[in-house]
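Letter by letter, the chains look like this.
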Amino acid sequence: MQLTPYGAAGDVTGSAYLLETSEARVLVDFGMFQGNRETEAKNIVPDGLRVRELHAVILTHGHLDHCGRLPLLARRGYPGHIHCTSATRDMAHLVLNDAARIMESDYERKCRKAKKKGYKVCRDDAPLYDADDVEDTIRKMRPVDYGRPIEVATGITATFYEAGHMLGSASVMLEIVEGTSSRRVLFSGDIGPTGLPFLRDPEPPTMADVVIMESTYGDRIHRNLGDTIDEFAHILDMARQQRGRVLIPAFAIGRTQQLLYHFAELFSSGRVEPMPIYMDSPMGIEATHIYERHPELFDDETLAVSKSGKFTLMLRNVHATHSREESQAINRVRPPFILIAGSGMATAGRILHHMRLYLDDPTTHVVIVGYQARGSLGRKLVDKQEVVSVLGDKIRVQAQVHTLGGFSAHAGQDELLAWHRNVVRPGARTILTHGEDEAREMLASKIEQETGQRPLLPTYEQLIQL
Ligand SMILES: [Zn+2]
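Residues numbered from 1 in each chain as written. Predicted model: local features only at pLDDT ≥ 70, side-chain atom pairs only at ≥ 80, totals over all residues. Heavy atoms only, no water.

> What is the right way to look at the domain arrangement of the chain in this model?
Buried accessible area, meaning the area lost when the parts come together, often serves as the stated size of an interface. Under the domain assignment used here, the chain contains domain 1 (2-220 + 409-465) and domain 2 (225-407). Listed by partner, the interface residues are 36 residues for domain 1 and 38 residues for domain 2. A combined buried area of about 3,200 Å² lies between domain 1 and domain 2, and 64% of that area is made up of carbon and sulfur atoms. At the surface where domain 1 touches domain 2, the tally comes to one salt bridge. Residue Arg-379 is joined to Glu-436 by a salt bridge in which the shortest nitrogen-to-oxygen separation is 3.0 Å. At the junction of domain 1 with domain 2, the criterion picks out five residue pairs in polar contact (both at pLDDT 80 or more). Here the side of domain 1 that touches domain 2 takes 13 residues from helix H4 (residues 86-117), the largest share from any one element. Broken down by class, the residue content of the side of domain 1 that touches domain 2 amounts to 15 nonpolar, ten polar and eleven charged. (Domains from an automatic or database assignment. Contact = heavy atoms within 4.5 Å. Buried area = accessible area lost by both parts, 1.4 Å probe. Salt bridge = Lys/Arg side-chain N within 4 Å of Asp/Glu carboxyl O. Polar contact = N/O pair within 3.5 Å; in protein donor to acceptor, adjacent residues only side chain to side chain. Helix = DSSP H or I, 4+ residues; strand = E, 2+ residues; numbered from the N terminus. Nonpolar A, V, L, I, M, F, W, Y, C, P; charged D, E, K, R; others polar.)

> What's the story with the pattern of salt bridges in this structure? I'm lost.
In a structure, side chains of opposite charge can pair up when their charged atoms sit close to one another. According to the stated counting rule, one finds 26 salt bridges in the structure shown. Here Asp-106 makes a salt bridge to Arg-109, at a shortest N to O gap of 3.5 Å. Residue Asp-106 and its partner Arg-109 are located together in helix H4, separated by three residues, close to a single helical turn. Take Arg-109: its relative accessible area is 23%, and that puts it in the partly exposed class. The closest approach of N and O atoms between Asp-209 and Arg-425, which form a salt bridge, is 2.7 Å. (Buried < 20%, exposed > 50% of the residue type's maximum accessible area, 1.4 Å probe, protein only.)

> It is not clear to me how the coordination of the zinc ion should be interpreted in this structure. Could you clarify?
Protein coordination at the zinc ion comes from His-61 (NE2), His-63 (ND1), His-165 (NE2) and Asp-190 (OD), with a distance range of 2.2 to 2.4 Å. What the four donor atoms of the zinc ion show is an angle range of 85 to 171° at the metal, which sorts the shape as irregular. (Donors = N, O, S within 2.8 Å, 3.2 Å for Na, K, Ca; no water. Tetrahedral: all angles 85-135°; square planar, octahedral: opposite > 155°, others 65-115°.)

> Would you take a moment to explain a negative patch on the surface for this structure?
There is a patch of like negative charges on the surface, built from Glu-104, Glu-108, Asp-130 and Asp-132. Tracing the sequence through the fold places Glu-104 in helix H4. Looking at Glu-104, the relative accessible area reads 45%, which means it is partly exposed. (Patch = residues over 30% accessible without salt bridge, like charges linked within 9 Å, V, L, I, M, F, W, Y side chains within 5 Å. Areas by Shrake-Rupley, 256 points an atom, 1.4 Å probe, with all protein chains shown as cover. Lys, Arg positive; Asp, Glu negative; His and termini not counted. Charge placed at Lys NZ, Arg CZ, Asp CG, Glu CD.)

> Would you take a moment to explain helix H8 (residues 284-293) for this structure?
Because each turn of an α-helix spans 3.6 residues, side chains separated by three or four positions in sequence point in the same direction. What H8 keeps buried is the set Gly-284, Ala-287, Thr-288, Ile-290 and Tyr-291. The arc that holds the buried residues of H8, viewed along the axis, is 150°, so those residues lie on one side. (Arc of directions from axis to C-beta.)

> Sorry, what's going on with the sheet that holds strand E7 (residues 150-153) here?
The strands that make up a sheet pair up through hydrogen bonds in the backbone, lying either parallel or antiparallel. The six strands lie next to each other as E7-E8-E9-E10-E11-E20, forming an open sheet whose pairing is mixed. Edge positions in the open sheet fall to E7 and strand E20 (424-433), since each of these has one partner strand only. Neighbour-to-neighbour, the strand axes of this sheet turn through a mean angle of 30°, independent of strand direction. Two elements, E7 and strand E8 (residues 156-162), share three bridges in a ladder whose sense is antiparallel. Across the sheet, residue Ile-150 finds its bridge partner in E8, namely Ala-158. Contacts from helix H15 (residues 437-451) reach strand E11 (208-214) and E20, with the element oriented near 170° to E20. (Pairing = 2+ DSSP bridges. Axes fitted to C-alpha atoms, helices over the stretch in contact; angles between N-to-C directions.)

> Which parts of the structure should I look at to understand the packing of aromatic side chains?
All told, the structure shown has eight aromatic pairs when counted by the stated rule. Taking 5.9 Å as the distance between ring centres and 40° as the angle between the ring planes, the aromatic pair formed by Tyr-17 and Phe-187 counts as tilted. Of this pair, Tyr-17 sits in strand E2 (residues 16-20) while Phe-187 sits in strand E10 (residues 181-187), and the two are 170 residues apart along the sequence. With a relative accessible area of 6%, Tyr-17 lands in the buried category. Pairing Phe-263 with Phe-267 gives two aromatic rings, centres 5.8 Å apart and planes at 25°, and the pair type is stacked. Highlighted residues: Phe-263 and Phe-267, both in helix H7 (residues 255-268), separated by four residues, approximately one helical turn. For the pair Phe-263 and Phe-267, a shared accessibility class is recorded, and that class is buried. Over the aromatic face of Tyr-358 sits the side chain of Arg-245, whose NZ or CZ is 3.8 Å from the ring centroid. (Phe/Tyr/Trp six-rings, centres within 6.5 Å; stacked < 30°, edge-to-face > 60°. Lys NZ or Arg CZ within 6 Å of the ring centre and 35° of its normal.)

> What am I meant to see in the pairing of strand E15 (residues 337-341) here?
Looking along a regular strand, one sees side chains alternate from face to face of the sheet. With five of five residues buried, E15 lies mostly within the body of the structure. Alternating residues of E15 divide into Phe-337, Leu-339 and Ala-341 and Ile-338 and Ile-340, and every residue in both groups is buried. Bridge count for strand E12 (residues 245-249) against E15 is five bridges, and the pairing is parallel. Within E15, the position partnered with Arg-245 by the bridge is Phe-337. Bridge analysis of strand E13 (residues 277-279) against E15 gives three bridges, and the strand direction is parallel. Counterpart to Met-279 in the pairing with E15 is Ile-340.

> Looking at this structure, how should I read the pairing of strand E3 (residues 25-30)?
Across the six residues of E3, six count as buried, placing the element largely inside the fold. In the sheet, E2 pairs with E3 via five bridges, with the strands oriented antiparallel. Bridge pairing links Leu-19 to Val-26 in E3. With antiparallel pairing between neighbouring strands as the criterion, E2 and E3 make up a hairpin whose turn holds four residues.

> It is not clear to me how the nonpolar core should be interpreted in this structure. Could you clarify?
Burial of nonpolar side chains together is a common tendency in soluble globular proteins. Counting 49 residues, the largest nonpolar core has Leu-70, Leu-73, Tyr-129 and Ile-253 as its most contacted members. For this core, the leading source of residues is H4, giving nine residues. Taken domain by domain, this core gets at least three of its residues from each of domain 1 (2-220 + 409-465) and domain 2 (225-407). Non-local contacts of Ile-253, meaning those with residues more than four positions away in its chain, are made with His-63, Met-91, Leu-94, Val-95, Met-166, Met-283 and Ala-287. (Core = buried A, V, L, I, M, F, W, Y, C linked by side-chain atoms within 4.5 Å.)

Quick look at the structure:
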């Protein structure tokens, strides 16, 4: 039995793991690489994947860095199914359509620019796939229930467990029988923190022989949510006093609903005076409807807020902008206001247009609420880079940049260790992925201290014998 990572090995994006036994070949996730140009050049189908010989694909959750390359499989004639929860299918549908749309509009913009300046647009800039490929991909998806084992390929049974990271997210246990031996191989997917609104806490399985585990925040313990909300309230007050704009690069799914929930709480309790919220995302509202369709996945706290009607009331004060014209019209709105737009790491999408206009304004507050991969504009802002390039323009950053780790949808180091302690059987093997090297080194040494076993930190395409 062997495993090959085709992404998220030494960085956080592009999750993809090929598992091969003597009888079956199964791919777990096939995510997009996000960050700078060099990183994004890795958005290919690696030769080693042999798409037509794959027996099954398993998708842990609907974030782009886990599902973003799946349409490339459809394009290459992948014949089988993609197994995921039904909420993940809904999410992936939105996410992939949005990605296709963004790639198309980016390409059109580059072509217009190239035409104006009289040069040829680069072939590498062409969209990776289109809406038809996305539809083909969604048709291959087969919804599975949490906790119910299904045979996905000869000798391989998969069971999905709540990962608490986004609606529908899962850790997936594969029970693999080869001849007379059997192994339990667990893919963590992305692991959520405990106590986030909406989401249930992770409910992982036990007794794994091998665990392939994310390590995004392997070197950090998050501030608690209460302190984070206090800091958030303070930022909103400052923005109001300065008549500034609050720009939040956030993914339309998951983080956006979480933020709306916090706004609802802050405004309705009177802690912060209400101000307009612009959800500048064609899919933000759609995603919120998906949440409304899956209350069975909510935690008790959110069910209570949802029943009280506060959340629905709150949504009436949110201005959702669909068309490009509506988006541009936000430029004429007098601040203070809050603007949420994708992409979550400011690598593409409408947030870039707002950043190009307002990053040089000292009354602008940029609030970073999620992980920012190396090379992304979001990361450059977090790292306090003085001059950044946005849509081809060089901009001196005067805006105030706030990083709020407590809103993270990823478990911190302490929660990762607790999760790990729960799932492994004595002597189990741990393989750390989905983290930059500093983070996974740190988590590896903590795990080694606890178990006496040194985790493996694989590189891209490294063949691992299990
Ligand atoms: Zn994720």
